[in-house]
Every structure is written in structure tokens, then in C-alpha cells.
Amino acid sequence: MTKRIIIVGAGHNGLVCAAYLARAGREVLVLEANAQVGGAAVTRTFAPGYQVPAVAHLLYGFDPVIERELRLRQHGLTDAKSRGLTVALNPNGAPLVHDGRQVLSGLSHAEDRQAFADFMHKMRRLAVLLKCQHGRTPPQLTWASWRDAWPLVRLALQLRLLGRADMRELLRMITMPMHDVLEESFAGDLLKGALAVDAVLGTKLGPRSGNTVLNFLHRYTGASAPRVPVGGMGAVSESLASAARAAGAQIRLGARVAAINIESGRATGVTLASGEVIGASTVVSGADPKTTFEHLVGLQHLEAELARRIHHMRCEGTAAKLHVALRTLPQFTGVEVALVGERLLIAPSALYVDEAFNPAKYGEYSSDPILEISIPSIADPTLAPAGHHVLSAIVQYAPAQLTGGWEAQRAAFEARVLAVLERYAPEFGSHVVATELLTPVDLEAQFGLRGGHWHHGELTLDQYLTLRPVPGLGHYATPVQALYLCGAGCHPGGGVMGVAGRNAACVILQGGVS
Amino acid sequence: MRTPRKHFRQVVKYTPFHSRTVAANELNLWHRWRDYSVADAYFDVSLEYTALRNTCAVFDISPMTKHRITGPDALAFMNRLVTRDVAKIKPGRVGYAVWCDEQGQVVDDGTIFHLSPGVYRLCSQERQLDWLHTARLGFDVTVVEETEDVAALSLQGPTSCATLCALGLTGVETLTPFAMRSFVFGGTELMVSRTGFTGDLGYELWIDPDQAEALWDALFEAGTLYGIRPLGTHALDIARIEAGYIQAGVDFLPADHAIRADRTRSPFELDLAWLVDFSKPHFTGRRALLAEQSRGSRYRFVRLDVAGNKPATDAYVYDAKHRVVGAVTSAVWSPMSKASIALASVAMPHGAVGTPLWAEIYYQKELKWNRTNAECTVLAGPSYAPPRRKMTPAPLR
């Protein structure tokens, strides 16, 4: 019988998992449908001569432990020069600039300076508790022995060890809407708008929705400032693939897995779209949970209740991606040239973000969407022809289930987004060489993200920790013998972190996480 | 799409036979079965029971929850739902089955009618629409609740076959147990299955509700010389306990009603291991039942012969060291076996066949409470199982 472990999908989590398993001496075969590794962390050409990170474009919480253990620097991962600043564009004047700790310029209300520093300091302290849980399988809620109970006891202890004030504050805020927290903390609209973006990006939530503080904390469990790798996000994946291959893992590209084969309740391998059957002793799916069970495994192999929980898992994406090839660097009003390469936000107030969200609730796109913009060609000129640039923007809200469908409305939406850009960067349109709009529907088709959701499932308390992706699947193993999950649908969730891949590998190797 | 029925506006429901059951119900005793008004007894519980065991008796089973399952994946769906291999229930056959939740605990029991290739009717005690819609995910099937669309009578007893022959159902005596066949009655289809809840020779008749009253009338006319009587729930209950049949909500708690984990029972714990087939494709509860099989069950379902003549209703069950090891779930004085019998659930490893148990029975005599500890014998099978229940052709008298 084969000892081969098949990993479905060469996304960053699949590659991390492959690298760890291969380092432990396992025979690992990674099967990737697309022609390049990386899943949603790829750099690809969208117009002749112009490359962009196709989905994720800023590196937030990539686990430094993984970076160190897999020696990713030796495998080519380097950071571009970036100050990690956030620049909140101002339609009426100078932008607000912060580095995640201090506001550097552009404050409309002086009292916000200290308030921001205090707020971010507190949020980082609280985020530590969430961060602590990352490298571990989530606590079990039923247990046969004290050993099983320990993770839950430890979580309770860590919560208490935050200290009385912080523990209270965390418990008070964890389910709160970000909007209410912003209102009690700050005066300036531009600042509140920028922080509201951090609480809703990638979700189908508005700043007045519950769980947005949780999302904000989740973002800050990584670093307080985003990183830009040289070569774009694809470079992260390439370094992971290089580390996995060096450890002995095989990676097959253009090999789309059509089904995970199950016999007598046990995964026995996969069938490719080509019809080829590959046997395995263990199958690890980096695909999102819905794709894994509804399409690859088949719900009939699960218990009825688990099938229902998976069916009802929330994963409707609302974030589109706009790529623009530019013949020159755009001029954003009031933004000095030195700041254009930083993370630019279009979300002038929390109310603006909330109003952008409203149509999404009813299956319509925002006519004034929020944008997170990166111009990676400033730090990495190889991405565009000399003197030219590429702009990468996450555009929200663009719900996957658009009433009337995306085909009929994609041009109108793209025109809206370009009009918004024009408002902040006059003559923007005249610099455009080419554009590419990826709606959530495109993201699903091209990257296999079910519902076009970047995080393989909404990150809310009911789909968090032990409950992620759904109750009964919270520990990487599944009820199907020899089938494991390793993607962002698992704890600790989305963002290019790699932690789920590492945790899954630990579970497979030891039946526990170290 | 069916038109909205606004059925929820009606608190009490009446079966298609109601005009006839009202007329027959001399005692005017009624209770609710899934919102339907049905007779406890019609004229005398003992005499109704006597008719059932000596001639034949008619019980209105229209309130039974009925679902029709169709579609390309109907067999796969049924197999994922229940613990037994539905592929072995051929068209024209009926099978008894249980279905479990993911913990391997019984949600309900019922009968599967394989009406025509790939078309199934599932009959159950409890309402199951929500459960079936949950189980449907991932299958190309249609599940339709058809409880109101089918009227049904159960005709049970030694002269049941003769009565049906007199009704003009030529050849009905060749039906084997758990087989069904279509006849024509009043210009419409009358489906007859050799099934029942009494452990005796008997049939169930399924017809369009419009023909219900005509069927009742014709049946009673055909059965006049065969001692046909209407049968209420009380008399039926005696028969089903004699036959050793379990009832949802009485002998086990449906898993989806349970709040406390130890209140439910697995098929193994209901003496239904014969219904669990691990060699067939995956079914809900399979993993939990495999684990139970290797770990051992918590409870055992037992059929008891209780010493004395007092029904051991709701009695605690003790072992030889006078420790409580379980409780009686159903108990009755069995006229056929001339014994007090009971169904009970006891903790493992108690209750092996032949081992003694004791039932603590409380009973009243002229308002004075008395207590007795009656020794019980664990029986290997049901108290009453006459050979005619399996005979084909069925005896005509």
C-alpha cells in the first residue's frame, strides 16, 4: 500500500503543509489545478508586460515561525523597501498617515493623536490572546481526559492573565461592531474610516455589524504593518514551493483534482479532471471546506448534520480585485510622492464604509466602494515596463451573488471604481493602459475560492477557533478517515499566514500540534 | 408547487375515515396522534383485542407520517438515511428500518415501501420533514410529505386475508410477508401490503382519501361474517407489546427530541443490530456505531416475562443485588401468553437471556397502594408470534 500523502491545491497553506510533511520524511505529492503555485497568493501577468499580485497583495500575518523553520529567506523571500504606512486618502485635502502605532500626519482632531496610540496599543495587547491560539489546534469542547481539557483551561488562564482590565475590555468588545468602538474612541472621520476598513475588509460585514472588532483583532494578530515581498505575493508562494521541493515534496501543476476518492469511509486517493487516479494513504485538502466536501468528497460520505453545517457555512465574498496598468505614476491629491508606494485607502469616514456596505446586503454593488490600493511596482520595478506602474486594489463591496449577475454589470462596476479613483487622482483615467477586474465570481472560477471568499469562510465568532470551519471539523482531521483539511477555512483562518498548513501537518504527523 | 393549505389554522385534524370512526366510537374516547383525533377504544378494549387475535380488526393508521422519495439518487439517499441496506428492498417490497443521528442514536423507526423502481414511501411515527431535508443535501432527490394525500387502514388478525378475499381482492393470499400489491377499488388504486404492528397475520390498505369512506364501508361489509371489528389504540398497544415491537417516544426517545445525551438509544441498544449493515455505503451514524461496536453498548433492550399478574408499568428493574439497573418502558397483561410481560431498557451487562431481574411494581387495591418485587425472566424473543404471520399462502380462516 502506498505511503503517499496527496495535498490538494498548492496554495500557501498547502505548500506549508507539504514542506513540513516532506521535512518529516513523508512522501508528498501536491496537486495544483492552475499553471503556477500559490493559489490566491500569486503574482501573474494581467496585461503584456504588467504583473500584479492577483488576489492577496499585502502580507500581514505571515507566521515568523514558519519563515524561520522553513528557511524561506534562503528560498528567496525578501521584503521590498516599504515603511508599512497606511495612507487614508482625503477628498478635501491632506491624507491621514499612520504606521499602526502612531498617526504621523493629517489629523483633523488633535485629541485623536493620543487616543490612536492608546487604542492601537490596547488592540495589540488583546490580539495577543488570539495570536496565542494560532499555533495550536483549537480547544475541544467535549473531552475524555484532562489532557483534552487542557487547551480550554489554558485559554481561560490566558484570558485571565491579560489582567482584570484587559480581560473585561476584550470580553466587552469581542462581539461589538467596530463602528461603536470607533465612536467611543475617536473624533476624526478620516481616522475612523481607515480603521473601519481594517475591520471589514474581505468580509460580508459593515462597520455596524457584529464581529467586526474580532476581524480587526484578527488582522492585528499578525504585524501592525503590512509587508510587501519582492516579486509580489507570488514570491511568498515560490519560496514555500522551493522549500517544499527541497525537502522532497513533488508538485504537479495543471493537475486539477476532480474528486477525492472514498472507500469504506476512508480517503484512498484522488481522481484528476483528466481521469487519472492517484492513490494515497492520506489526502489533505487545501481547498475551502465547501469545495472539499460538496464537490470533491461528496456530502453523501458525511453524516447528515455535518453536511448541513457545511452547507450553511457562510462564505459569500464581497471583495473584488481591480488591476490597472499605468503608463505613469498616478498623482493622488495631497499625497507626496514618497507615500504613493504605501497602502492607500479610500474610505473617508466610517459612515462612507457603512453606506458602501448597504447595497451588498441586497445583492447590489457599492456605487461608492471602499478601496485598499497598493502600487507594488514602486518597490519592485520588475512588475511593469520601465517607467510604467501597476495598481492593485481590493474593491469592496462587490457581492458574489449580485442580483442580475456579474456579466451584465461588470463594465458598469469597473467604470464606477475608475470614477472613484479619478476623484482622488485627477487624470487617473488618462494614464490607464489596461485593466482587469476580478469579481468574486471570477475569483471562484480562477482560484477555486468558494463564493469568492478570500478567507475560505467568514471570520466571525460562530466560525472561529473550535467552530471553524464548522463544529465537528475544528481539528484539521475530518470524520472521513485519512482526510484532513489544511486551508484558510480552518483555524486560525484567512490571510496569508500559513498557520493552518503548519497545524494540519503537525496533526497528521503526531496526532497533535507542538 | 402545491397550493398553500393553511393547515396550521386547524388545531385538530381528522382522518379521511373520521365520519366512520365517529359512528363506530360508542365510547366516544379519543386522543391525539400527531394532531389527528383517533380512537382510544371503540366499544370495549378487551373485546377489540379479542377480535384482533381471533377474527380481525381495523385500525385507522392515516395519521402515520408518510413521505414520498423520488429522483435519480433515491436509493443512495435512502441508504445514507437508514442503517440497513435499502438495495435489498426490491420494488414491491417493504422493509422495517431505523435511522440515526451522527452520534448513532435512533431518530425514529419506520417502514420503507419500495413502491416502484426508485420510488420510496417512508412511514414513521414522528414527523421527519426537517430531518429528510437535512439528509437530502448532496442528493438529487425530491422529498414530499404525503401524510394527507394517502388514507390508510390496518386490517389485522386471523381472518384478515379471508376478509380481503371477500372484498374481491383476488389472489391477496399469495402476498408474502412484507410484500405489497396493487388492486383496483372503486375505480382507483388500492395498494395492499402485508405489514402491521401486531405480530400477527395482517395487511395495510393504502388508498386515495376520496375513496376512504367507501373502503371502510366495503371492508366492514365484507368482514361481517369474519368477525371484523374496529380497533382502538389501547387494544393495539397490547398486541404490539406482545409482538415485542418498540414505539418511538415510549420505548426510546427520538434522538432529535433529546436534550440529555444518555437518554437516547442506538440500534444496538434497542436489539436492532440486525438492521445495521456496515458493509453497505456510508450512512449517518455509521462511524459512531462502529465505535460503539468496538467499545460496547451502554444499554440492552429486553423482553421480560414478569412473575404474577400485575403489569409492571413504569417499574424500576433491579439485579440480584437489589441495585437499580434499568426501567420498564412498556408493560401489559398478555391475554395470549397468560402472563405479565414487559419491554425494558437495562444497563449493560445486565439482562442477558435467562438471567434473573426483578421489577418493583406498585399497584392499587381499593385505593391502597401495594408493592411487590416480581422476578422477571429475560425472553429470547417476542411473547406472541403465531406461525400464520409468516405463512404463504395466508390462511383464510
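Each remark here, short or long, concerns the structure printed above.
Residues numbered from 1 in each chain as written. Chains lettered and ligands numbered in written order. Predicted model: local features only at pLDDT ≥ 70, side-chain atom pairs only at ≥ 80, totals over all residues.

## A look at the overall build of chain A
Turning to step 1, where the next piece is worked out: A count of helices and strands for chain A gives 15 helices and 18 strands.
Turning to step 2, where the next piece is worked out: Taking 2.2 N^0.38 as the reference for a compact globule, 514 residues should give roughly 24 Å; the C-alpha atoms of chain A span a radius of gyration of 22 Å, in line with that estimate.
Turning to step 3, where the next piece is worked out: Principal axes of the C-alpha set define a box for chain A whose edges measure 65 × 55 × 45 Å.
Turning to step 4, where the next piece is worked out: Residues classed as buried in chain A amount to 55% of the 514 residues present.
Turning to step 5, where the next piece is worked out: Looking at chain A alone, contacts between residues at least 24 apart form 73% of all its contacts between residues at least 6 apart. (Helix = DSSP H or I, 4+ residues; strand = E, 2+ residues; numbered from the N terminus. Rg over C-alpha atoms; globule rule 2.2 N^0.38 Å. Buried ≥ 20, exposed ≤ 12 C-beta atoms within 10 Å, placed from the backbone. Contact = placed C-beta atoms within 7 Å.)

## Section: the nonpolar core
Turning to step 1, where the next piece is worked out: Core analysis: the biggest nonpolar cluster contains 278 residues, and Ala18(A), Ala19(A), Ala504(A) and Ala359(B) have the highest contact counts within it.
Turning to step 2, where the next piece is worked out: Setting aside chain neighbours within four positions, we find Ala19(A) in contact with Leu70(A), Leu240(A), Ala243(A), Ala244(A), Ala247(A) and Ala249(A). (Core = buried A, V, L, I, M, F, W, Y, C linked by C-beta atoms within 7 Å.)

## Let's talk about the sheet that holds strand 2 (residues 28-31) of chain A
Residue and element names in this part refer to chain A.
Turning to step 1, where the next piece is worked out: Strands sit in the order 8-2-1-12-18 across an open sheet of five strands; the sheet is parallel. In this open sheet, the two strands that pair with only one neighbour each are strand 8 (250-252) and strand 18 (483-485). Taken pair by pair, the neighbouring strands of this sheet meet at an average axis angle of 20°, ignoring direction.
Turning to step 2, where the next piece is worked out: Examined bridge by bridge, strand 12 (residues 282-285) and strand 18 share three bridges and lie parallel to one another. Bridge pairing links valine 283 to leucine 483 in strand 18.
Turning to step 3, where the next piece is worked out: Across the sheet, helix 1 (residues 12-23) is in contact with strand 1 (5-8), strand 2 and strand 12; its angle to strand 2 comes to roughly 165°. (Pairing = 2+ DSSP bridges. Axes fitted to C-alpha atoms, helices over the stretch in contact; angles between N-to-C directions.)

## What to know about the pairing of strand 13 (residues 319-326) of chain A
Residue and element names in this part refer to chain A.
Turning to step 1, where the next piece is worked out: Counting buried residues in strand 13 gives eight out of eight residues, a clear majority hidden from the surface.
Turning to step 2, where the next piece is worked out: Residues of strand 13 alternate between two faces, with Ala319, Lys321, His323 and Ala325 on one and Ala320, Leu322, Val324 and Leu326 on the opposite face, all of them buried.
Turning to step 3, where the next piece is worked out: As paired strands, strand 13 and strand 16 (residues 389-396) are joined by eight bridges and run antiparallel to one another. Counted as the bridge partner of valine 324 is leucine 391 from strand 16.
Turning to step 4, where the next piece is worked out: Alignment of strand 13 against strand 17 (residues 432-438), held across six bridges, turns out to be antiparallel.

## Comments concerning helix 13 (residues 410-424) of chain A
Turning to step 1, where the next piece is worked out: End to end, helix 13 of chain A covers 22 Å across 15 residues, agreeing with the expected 21 Å (1.5 Å per residue, within 8%).
Turning to step 2, where the next piece is worked out: Packing partners of the buried residues in helix 13 of chain A comprise strand 13, strand 14 (343-346), strand 15 (370-374) and strand 16 of chain A. (Expected span 1.5 Å × (residues − 1).)

## Looking at the interface of chain A and chain B
Turning to step 1, where the next piece is worked out: Each side of the interface is counted separately: chain A has 14 residues, and chain B has 14 residues.
Turning to step 2, where the next piece is worked out: Among the elements that take part in the side of chain A that touches chain B, helix 11 (residues 304-311) of chain A stands out by supplying six residues, more than any other.
Turning to step 3, where the next piece is worked out: When its residues are assigned to classes, the side of chain A that touches chain B shows five nonpolar, five polar and four charged. (Nonpolar A, V, L, I, M, F, W, Y, C, P; charged D, E, K, R; others polar.)

## Concerning the sheet that holds strand 11 (residues 277-279) of chain A
Residue and element names in this part refer to chain A.
Turning to step 1, where the next piece is worked out: Pairing is antiparallel in the open sheet, where three strands are placed in the order 9-10-11. Unpaired on one side and paired on the other, strand 9 (257-263) and strand 11 mark the two borders of the sheet. The mean inter-strand angle of the sheet, taken between neighbouring strand axes irrespective of direction, is 30°.
Turning to step 2, where the next piece is worked out: For strand 9 and strand 10 (residues 266-272), the ladder comprises six bridges, and the chain directions are antiparallel. Bridge pairing in strand 10 places valine 257 opposite leucine 272.

## With respect to the packing of helix 1 of chain A against helix 15 (residues 499-510) of chain A
Residues and elements named next belong to chain A.
Turning to step 1, where the next piece is worked out: Between helix 1 and helix 15, the shortest axis-to-axis distance is 7 Å and the interhelical angle comes to 35°. You can see that helix 1 and helix 15 cross each other, and the crossing is right-handed. On the side of helix 1, the interface is formed by Asn13, Gly14, Val16, Cys17, Tyr20 and Leu21, while helix 15 contributes Ala500, Gly501, Arg502, Ala504, Ala505, Ile508 and Leu509.
Turning to step 2, where the next piece is worked out: Its residues assigned to classes, the contact of helix 1 with helix 15 comprises nine nonpolar, three polar and one charged. (Left-handed = near helix turned anticlockwise from the far one by under 90°.)

## A short note on helix 6 (residues 178-185) of chain A
All names here are of chain A.
Turning to step 1, where the next piece is worked out: Considered for burial, the residues of helix 6 that qualify are Met178, His179, Val181 and Leu182. Around the axis of helix 6, the buried residues are gathered within 165° of arc, so they sit on the same side.
Turning to step 2, where the next piece is worked out: Check the buried side of helix 6 and you find it contacts helix 5 (164-173), helix 7 (189-200), helix 8 (212-219) and helix 12 (350-361). (Arc of directions from axis to C-beta.)

## Here's the deal with the pairing of strand 19 (residues 368-379) of chain B
Where a strand is regular, its side chains alternate between the two sheet faces.
Residues and elements named next belong to chain B.
Turning to step 1, where the next piece is worked out: As judged from the four bridges shared by strand 14 (residues 299-306) and strand 19, these two strands associate in the antiparallel manner. By the bridge assignment, arginine 303 is partnered in strand 19 with leucine 379.
Turning to step 2, where the next piece is worked out: Pairing analysis gives 10 bridges linking strand 18 (residues 356-365) to strand 19, with the strands arranged antiparallel. Counterpart to tyrosine 363 in the pairing with strand 19 is asparagine 370.
Turning to step 3, where the next piece is worked out: Connecting the antiparallel pair strand 18 and strand 19 is a turn made up of two residues, with glutamate 366 showing a positive phi of about 50°.

## Topic: the packing of helix 3 (residues 112-134) of chain A against helix 5 of chain A
Residue and element names in this part refer to chain A.
Turning to step 1, where the next piece is worked out: Across the interface, helix 3 lies against helix 5 with an axial gap of 10 Å and an inter-helix angle of 80°. Considering the angle they form, helix 3 stands roughly perpendicular to helix 5. In this structure, helix 3 uses Lys122, Arg125, Leu126 and Leu129 to contact helix 5, whose residues at the interface are Asp166, Glu169 and Leu170.
Turning to step 2, where the next piece is worked out: Along the lines of polarity and charge, the residues of the contact of helix 3 with helix 5 split into three nonpolar, no polar and four charged. (Parallel < 35°, antiparallel > 145°, perpendicular 65-115°, else oblique.)

## Quick word on unusual backbone geometry
Turning to step 1, where the next piece is worked out: Following Arg468(A), the chain continues into Pro469(A) via a peptide bond in cis, with omega recorded as -5°.
Turning to step 2, where the next piece is worked out: You can see Pro469(A) is positioned in the loop between helix 14 (440-447) and strand 18.
Turning to step 3, where the next piece is worked out: Following Met348(B), the chain continues to Pro349(B) via a peptide bond in cis, the omega torsion being 5°.
Turning to step 4, where the next piece is worked out: A positive phi angle, near 50°, is found at Arg34(B), a position not held by glycine.
Turning to step 5, where the next piece is worked out: Relative to the elements of secondary structure, Arg34(B) occurs in the loop between strand 1 (29-33) and strand 2 (36-41).
Turning to step 6, where the next piece is worked out: The backbone phi angle of Lys338(B) is positive, close to 50°, even though this residue is not glycine.
Turning to step 7, where the next piece is worked out: By the secondary structure assignment, Lys338(B) is in the loop between strand 16 (324-334) and strand 17 (339-347).

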